Amino acid sequence: MGLIAGVLGWLLTAFVLLMLARMVLDWVAVAGNLPDWGLRARSFTHKWTEPVIAPVRRVLPPLRAGGLAIDLAFTIVFILALVLRSVAFGLE
């Protein structure tokens, strides 16, 4: 069980890092133009994180406040991934 929990913990760590990269790249994209490598990196992060976020977003759409939209689905998936990562490493 320890080996499976360890591998799952490291996979969740990689997922959390992808989520952080996605967040930063999305912020930079909103602030201005991304270079080509940034667009490719943003596409990569979306490709690997969107299949997890999209079902949550269908249930819980972004919260709109004027011109601002807060993606609660991203936040929930991020927190859930952190909790699951802690549980997985705790079982190791």
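Look above for the structure.
Residues numbered from 1 in each chain as written. Predicted model: local features only at pLDDT ≥ 70, side-chain atom pairs only at ≥ 80, totals over all residues. Heavy atoms only, no water.

Novice: It is not clear to me how a nonpolar patch on the surface should be interpreted in this structure. Could you clarify?
Specialist: The grouping of M1, I79, V83, V87 and L91 at the surface amounts to a nonpolar patch, some 510 Å² of accessible area in total. Structurally, V87 is set in helix α3 (residues 72-91). By relative accessible area, V87 is classed as partly exposed at 45%. (Patch = residues over 30% accessible without salt bridge, like charges linked within 9 Å, V, L, I, M, F, W, Y side chains within 5 Å. Areas by Shrake-Rupley, 256 points an atom, 1.4 Å probe, with all protein chains shown as cover. Salt bridge = Lys/Arg side-chain N within 4 Å of Asp/Glu carboxyl O. Helix = DSSP H or I, 4+ residues; strand = E, 2+ residues; numbered from the N terminus. Buried < 20%, exposed > 50% of the residue type's maximum accessible area, 1.4 Å probe, protein only.)

Novice: I'm lost on the pattern of salt bridges in this one. Help?
Specialist: Side-chain pairing between opposite charges can occur once the charged atoms of the two side chains come close. Per the counting criterion, the structure on display carries five salt bridges. Of the charged contacts, one joins E50 and R57 as a salt bridge, the two residues approaching to 2.5 Å between their closest N and O atoms. Residue classification places R57 among the partly exposed residues on the basis of a relative accessible area of 21%. Here D71 makes a salt bridge to R57, at a shortest N to O gap of 2.7 Å. Of this pair, D71 sits in the loop between β2 (68-70) and α3 while R57 sits in helix α2 (residues 36-59), placing them 14 residues apart in sequence. The class for D71 is partly exposed, based on a relative accessible area of 21%. Ionic contacts of the salt-bridge type, sharing partners, join the residues R22, D26, R42, E50, R57 and D71 into one network.

Novice: Is there a simple way to think about the packing of helix α1 (residues 2-31) against α3 in this case?
Specialist: When two helices pack together, their arrangement is given by the angle between the helix axes and by the axis-to-axis distance. Axis separation between α1 and α3 bottoms out at 8 Å; the angle between their running directions is 155°. In terms of orientation, α1 and α3 fall into the roughly antiparallel class. Both α1 and α3 take part in a crossing whose hand is left-handed. Its residues placed into classes, the contact of α1 with α3 shows 18 nonpolar, four polar and two charged. (Axes fitted to C-alpha atoms, helices over the stretch in contact; angles between N-to-C directions. Parallel < 35°, antiparallel > 145°, perpendicular 65-115°, else oblique. Left-handed = near helix turned anticlockwise from the far one by under 90°. Nonpolar A, V, L, I, M, F, W, Y, C, P; charged D, E, K, R; others polar.)

Novice: What am I meant to see in the nonpolar core here?
Specialist: Nonpolar side chains in soluble globular proteins generally cluster together in the buried interior. Grouped together as the largest cluster of nonpolar side chains are nine residues: F15, V16, M19, I53, A73, F74, V77, F78 and A81. Per-element accounting of this core gives the leading share, five residues, to α3. What V77 contacts, discounting residues up to four positions off in sequence, is F15, M19, V52, I53 and V56. (Core = buried A, V, L, I, M, F, W, Y, C linked by side-chain atoms within 4.5 Å. Contact = heavy atoms within 4.5 Å.)

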